[in-house]
Amino acid sequence: MIDEYTKVHDDRFINAAASKAPFAVLKEFIAKYQDPKQADNIMRVQQELDETKVVLHKTIESLLDRGEKLDALVDRSNQLSSQSKMFYKTAKKTNSC
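Residues numbered from 1 in each chain as written. Predicted model: local features only at pLDDT ≥ 70, side-chain atom pairs only at ≥ 80, totals over all residues. Heavy atoms only, no water.

### Here's the deal with the overall build of the chain
Thinking step 1. The number of helices and strands found in the chain is 5 helices and 0 strands.
Thinking step 2. The linear arrangement of helices and strands in the chain, starting from the amino end, is α-α-α-α-α.
Thinking step 3. For the chain, with 97 residues in total, the buried portion stands at 6%.
Thinking step 4. Just so you have it, the chain exposes about 9000 Å², and 59% of that area is on carbon and sulfur atoms. (Helix = DSSP H or I, 4+ residues; strand = E, 2+ residues; numbered from the N terminus. Buried < 20%, exposed > 50% of the residue type's maximum accessible area, 1.4 Å probe, protein only. Areas by Shrake-Rupley, 256 points an atom, 1.4 Å probe, with all protein chains shown as cover.)

### Quick look at the confidence of the model for the chain
Thinking step 1. Within the chain, residue pLDDT values average 79, and 78% of them lie at 70 or more.
Thinking step 2. Element-level pLDDT for the chain is lowest in helix H2 (residues 13–19), with a mean of 54, against a maximum mean of 88 in helix H5 (residues 41–96). (pLDDT = per-residue confidence, 0-100.)

### With respect to the pattern of salt bridges
Thinking step 1. Taken as a whole, this structure holds 1 salt bridge when the rule is applied.
Thinking step 2. One salt bridge in this structure joins Arg44 and Glu48, with 3.9 Å as the shortest N-O distance. Note that Arg44 and Glu48 are positioned in helix H5 at a spacing of 4 residues, about one turn of the helix.
Thinking step 3. Assessed through its relative accessible area of 33%, Arg44 is described here as partly exposed.
Thinking step 4. Residue Glu48 is classed as partly exposed on the basis of its relative accessible area of 41%. (Salt bridge = Lys/Arg side-chain N within 4 Å of Asp/Glu carboxyl O.)

As structure tokens, this is what we get:
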């Protein structure tokens, strides 16, 4: 902000405060720095990283839930497979008489 002020007022920087010289860009700077995340790139990137981390955690949790469901389905499939084998053997014995 000081650099912008010196560009506008040159060497009159020292006397400008006393004379209350107008500085139109000041309102823009004040508006910009009301939200520090817009003014500071590091804070903005940190916020984006935090938001991404939250989404990533939710995704991992849902993936783990799906993994548990898949494990349950595999177990159920194995049970059905063994039951069908037993049924086949029993049916074969019954039909052989």
